[in-house]
Amino acid sequence: MITEQIITLRKQLKSKLEPMRFEHSVSVSFTCTALAMRYGYDIQKAELAGLMHDCAKRDSELIRKCQKHGVALTEAEIKAPAVIHAKYGAYLAENKYGIQDPEIISAIACHTTGKPDMSTLDKILYIADYIEPRRDKADNLAFQDLDETMYEILKGTLEYLDKKGNTIDPMTLQAYEYFAEAMKQKKANMHI
């Protein structure tokens with residue numbers, strides 16, 4: 001059933017997204033499946049999350065549409081609207097494209113900012129979006145340790161945003177602090 005849903009949604013997205021955005025979405029979905037295989041996660045759910053993660057990226061009126069549909073936005077998100085497509089994409093995935101799986105909806109919703117205590121699928125999608133081959137940021141670490149990869153990506157993101165003087169979403173900071181603490185605990189446990 002999910003395979004047919006993926007095929008149908010792929011066709012719908014191809015007609016709605018810009019060609020490069022569609023190719024990025026397909027590439028992320030394949031990267032998600034590779035990571036799912038590595039970590040023993042449901043391959044089709046990972047593929048579907050990857051395919052749908054940018055389904056709202058084509059919309060230029062995200063703030064207005066979020067308000068219209070009751071999608072709550074924080075002040076930080078309004079100041080850094082590049083992250084909003086994740087929340088609105090989760091809304092569209094559920095309400096327009098019929099995806100009812102809460103894990104998939106969660107992964108789409110947090111793929112731009114991360115969050116503390118992410119599920120395996122949340123991490124797979126966040127990382128796949130960052131390392132998919134077209135982005136030229138592939139890193140073998142993703143196939144060795146999801147948490148360490150999250151830490152490294154979040155650390156780099158915060159450094160980049162700070163250097164550019166861009167607004168840092170508090171959720172990204174919370175995610176970084178969560179994974180920094182996880183790495184600290186991991187190192188402490190290795191020395192026991």
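Residues numbered from 1 in each chain as written. Predicted model: local features only at pLDDT ≥ 70, side-chain atom pairs only at ≥ 80, totals over all residues. Heavy atoms only, no water.

## Let's talk about the side chain of T172
So, step 1. Tracing the backbone through its elements, the reader meets T172 in helix 10 (residues 170-190).
So, step 2. We classify T172 as buried; its relative accessible area is 5%.
So, step 3. The contact partners of T172, leaving out residues within four places of it in the chain, are T112, T113, L154 and L158. (Helix = DSSP H or I, 4+ residues; strand = E, 2+ residues; numbered from the N terminus. Buried < 20%, exposed > 50% of the residue type's maximum accessible area, 1.4 Å probe, protein only. Contact = heavy atoms within 4.5 Å.)

## Points about the state of the cysteines
So, step 1. In the structure shown here, the tally under the stated rule is 0 disulfides.
So, step 2. Free cysteine: C66, not disulfide-bonded; nearest cysteine sulfur from C55 at 11 Å. (Disulfide = S-S within 2.5 Å.)

## Concerning the nonpolar core
So, step 1. By size, the foremost hydrophobic cluster in this structure holds 51 residues, and its most contacted members are L13, L48, M52, I99 and I127.
So, step 2. The element best represented in this core is helix 8 (residues 120-131), accounting for 7 residues.
So, step 3. Setting aside anything within four residues of it in sequence, one finds L13 in contact with F22, L51, M52, C55 and Y97. (Core = buried A, V, L, I, M, F, W, Y, C linked by side-chain atoms within 4.5 Å.)

## Topic: the pattern of salt bridges
Close approach of charged atoms lets side chains of opposite charge pair.
So, step 1. Counted by the stated rule, this structure contains 12 salt bridges.
So, step 2. Of the charged contacts in the structure, one is a salt bridge between E61 and R64, with a shortest N-O distance of 2.5 Å.
So, step 3. A residue is classified by how much of its surface remains accessible, and E61, at 39% relative accessible area, is partly exposed.
So, step 4. R64 gets classed as partly exposed once you look at its relative accessible area, which sits at 43%.
So, step 5. Residues D145 and K186 are paired through a salt bridge, measuring 2.1 Å at the closest nitrogen-oxygen approach. One end of the pair, D145, is in the loop between helix 8 and helix 9 (146-164); the other, K186, is in helix 10, and 41 residues separate them in sequence.
So, step 6. Looking at D145, the relative accessible area reads 15%, which means it is buried. (Salt bridge = Lys/Arg side-chain N within 4 Å of Asp/Glu carboxyl O.)

## Describing the packing of aromatic side chains
So, step 1. A complete count under the given rule lists 3 aromatic pairs for this structure.
So, step 2. Seen in terms of ring centroids, Y88 and Y91 are 5.7 Å apart; in terms of plane orientation they differ by 15 degrees. Their pairing is stacked. One end of the pair is Y88 and the other is Y91, both in helix 6 (residues 84-95) and 3 residues apart, which spans about a single turn.
So, step 3. The exposure class of Y91 is partly exposed, given its relative accessible area of 22%.
So, step 4. Here Y151 and Y176 contribute two aromatic rings whose centre-to-centre distance is 5.6 Å and whose plane-to-plane angle is 20 degrees, an arrangement assigned as stacked. Note that Y151 is positioned in helix 9 and Y176 in helix 10, a separation of 25 residues in sequence.
So, step 5. Lying across the ring of Y39, R38 places its NZ or CZ 4.4 Å from the centre. (Phe/Tyr/Trp six-rings, centres within 6.5 Å; stacked < 30°, edge-to-face > 60°. Lys NZ or Arg CZ within 6 Å of the ring centre and 35° of its normal.)

## Some thoughts on the environment of T74
So, step 1. Among the secondary structure elements, T74 is positioned in the loop between helix 4 (62-68) and helix 5 (75-79).
So, step 2. Classification of T74 by relative accessible area gives partly exposed; the value is 38%.
So, step 3. C-alpha of T74 to C-alpha of Q185: the two residues are 111 residues apart in sequence and 31 Å apart in space.
So, step 4. Beyond its immediate stretch of four places on either side in the chain, T74 contacts K87 and D169.

## So, the packing of helix 6 against helix 7 (residues 102-109)
So, step 1. In the contact formed by helix 6 and helix 7, the axes pass within 7 Å of each other and the chain directions differ by 155 degrees. By the criterion of interaxial angle, the relationship of helix 6 to helix 7 is roughly antiparallel. Counting all contacts with helix 6, which are made through A86, K87, G89, A90, A93 and E94, the residues of helix 7 involved are I105, I108 and A109.
So, step 2. Among the residues making up the contact of helix 6 with helix 7, the classes are represented as 6 nonpolar, 1 polar and 2 charged. (Axes fitted to C-alpha atoms, helices over the stretch in contact; angles between N-to-C directions. Parallel < 35°, antiparallel > 145°, perpendicular 65-115°, else oblique. Nonpolar A, V, L, I, M, F, W, Y, C, P; charged D, E, K, R; others polar.)

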